[in-house]
Amino acid sequence: MKKLGLIGGMGPESTIPYYRDIVYGIKQRVGKDYYPQLTIESVNVFKVLKLCRENRHEELTNYLLEAINNLERSGAEIAALSANTPHIVFDRLKEQTSIPLISIIEATCQEAEHRGLNKIGLLGTIFTMTGDFYKKPFYEKNIEIVVPSSLSMEFINEKITKELELGIVKEETRKSFQKIIMQMKDEDNIQAVILGCTELPLILSDEVSSVPCLDTMQIHIASIINAILG
């Protein structure tokens, strides 16, 4: 049973279900009265987004590396970032850490391949939707990634940063997101949509989407639990 180090705070609304679902997921798998040992290092999501916006990737790497080092000093044997956007520097972090890092992108790509999908929509922050870092693993498996129009991407990014990151869920925002997904389904023939921000499940799910949702948070949590259990 490996000790997990989780980098949270990106934002708090997603860190809470990460903690809860990992703890109870392990308990369910172990099958007895047991809760896993883990440490959470909470960072400032607004600093992360600012460094991404200004393309200060080296500073972002150092900021997150400090958090990982703190987790390792706490005894963590594996670590994970509880968000999609900071994976923009995942490869840099992986090269500079001595404990394994569990990628949310790799886990989601494996799930898409398992489902036999070959054309998927991607929603997330502007950095996730426009960057190559998220799409590359999918392209390598011949899975096409489709993003919304430029105006829609700006709208989605604004709603994530100004509403969802703060735990604000508005029905009018949900309806706008549903419309964007429907448009991608009709015009681009997407088979599913990646919820490429761990706050998006606050507002989107299979029940309200016109195509199945790949909930990156739950997919990542399942991968983390497997890693903890070895």
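Residues numbered from 1 in each chain as written. Predicted model: local features only at pLDDT ≥ 70, side-chain atom pairs only at ≥ 80, totals over all residues. Heavy atoms only, no water.

What to know about the pairing of strand β2 (residues 38-42)
And then number 1: Bridge count between strand β1 (residues 4-8) and β2: five bridges; the pairing is parallel. Residue pairing in the sheet places Gly8 in a bridge with Ser42 of β2. (Pairing = 2+ DSSP bridges. Helix = DSSP H or I, 4+ residues; strand = E, 2+ residues; numbered from the N terminus.)

Some points on unusual backbone geometry
And then number 1: Note the cis peptide between Met10 and Gly11, where omega equals -5°.
And then number 2: Note that Gly11 resides in the loop between β1 and α1 (12-30).
And then number 3: Not every positive phi belongs to a glycine, and Asn142 is a case in point at roughly 60°.
And then number 4: The topology assignment puts Asn142 in the loop between α7 (132-140) and β6 (144-146).
And then number 5: Among the residues examined, Asn142 registers a relative accessible area of 68% and is labelled exposed. (Buried < 20%, exposed > 50% of the residue type's maximum accessible area, 1.4 Å probe, protein only.)

Considerations on the sheet that holds strand β7 (residues 192-196)
And then number 1: With parallel pairing, four strands are arranged side by side in an open sheet as β6-β5-β7-β8. A single partner strand is all that each edge strand has here, and the edge strands are β6 and β8 (213-215). Between one strand and the next, the sheet's axes are offset by a mean angle of 35°, whatever the strand orientation.
And then number 2: Of the strand pairs in this sheet, β7 and β8 are connected by three bridges, and their pairing is parallel. If you follow Leu195 over to β8, its bridge partner there is Asp215.
And then number 3: Across the sheet, helix α10 (residues 216-229) is in contact with β7 and β8; its angle to β8 comes to roughly 45°. (Axes fitted to C-alpha atoms, helices over the stretch in contact; angles between N-to-C directions. Contact = heavy atoms within 4.5 Å.)

Regarding helix α9 (residues 171-188)
An α-helical turn contains 3.6 residues, so any two residues separated by three or four positions project in the same direction.
And then number 1: Between its terminal C-alpha atoms α9 stretches 25 Å, which fits the 26 Å expected from 18 residues at 1.5 Å a residue.
And then number 2: Three or more residues of α9 are buried, namely Thr173, Arg174, Phe177, Ile180, Ile181 and Met184. Across the axial projection of α9, the buried residues extend over an arc of 120°, all falling on one side. Turned more than 90 degrees away from the buried face of α9 sit Glu172, Lys175, Lys179, Asp186 and Glu187, all of them exposed.
And then number 3: Contacts made by the buried residues of α9 are with β5 (119-124), β6, α8 (150-162) and β7.
And then number 4: Looking one or two residues past α9, Asn189 carries a phi angle of roughly 60°, positive in sign. (Expected span 1.5 Å × (residues − 1). Arc of directions from axis to C-beta.)

Remarks on the packing of aromatic side chains
For any two aromatic rings, the description comes down to two numbers: the centre-to-centre distance and the angle of the planes.
And then number 1: In total, this model carries four aromatic pairs according to the counting rule given.
And then number 2: Judged by centre distance (5.7 Å) and plane angle (85°), the ring pair of Tyr24 and Tyr35 falls under edge-to-face. One end of the pair, Tyr24, is in helix α1; the other, Tyr35, is in the loop between α1 and β2, with 11 residues separating them in the sequence.
And then number 3: Tyr24 gets classed as partly exposed once you look at its relative accessible area, which sits at 48%.
And then number 4: Relative to Phe177, the ring of Phe155 has its centre 6.0 Å away and its plane inclined at 80°; by these criteria the two rings are edge-to-face. Of the two residues, Phe155 is situated in helix α8 and Phe177 in helix α9; the sequence distance between them amounts to 22 residues.
And then number 5: In this structure Phe155 comes out as partly exposed when scored by relative accessible area, which is 25%. (Phe/Tyr/Trp six-rings, centres within 6.5 Å; stacked < 30°, edge-to-face > 60°.)

Focus on the pattern of salt bridges
Note that side chains of opposite charge can pair when their charged atoms are close.
And then number 1: Counted according to the given criterion, the structure contains 12 salt bridges.
And then number 2: Here Glu163 and Lys170 are joined by a salt bridge, their closest N and O atoms 3.9 Å apart.
And then number 3: Under the relative-accessibility criterion, Glu163 is labelled buried at 6%.
And then number 4: Where Glu171 meets Arg174, a salt bridge forms, and the shortest distance between an N and an O atom there is 3.0 Å. Of this pair, Glu171 and Arg174 both sit in helix α9, three residues apart, roughly one helical turn.
And then number 5: Taking the relative accessible area as the measure of exposure, Glu171 reaches 42% and is therefore partly exposed.
And then number 6: Under the relative-accessibility criterion, Arg174 is labelled buried at 18%.
And then number 7: Taken together, the salt bridges that share partners define one network made up of Lys50, Glu54, Arg56 and Glu59. (Salt bridge = Lys/Arg side-chain N within 4 Å of Asp/Glu carboxyl O.)

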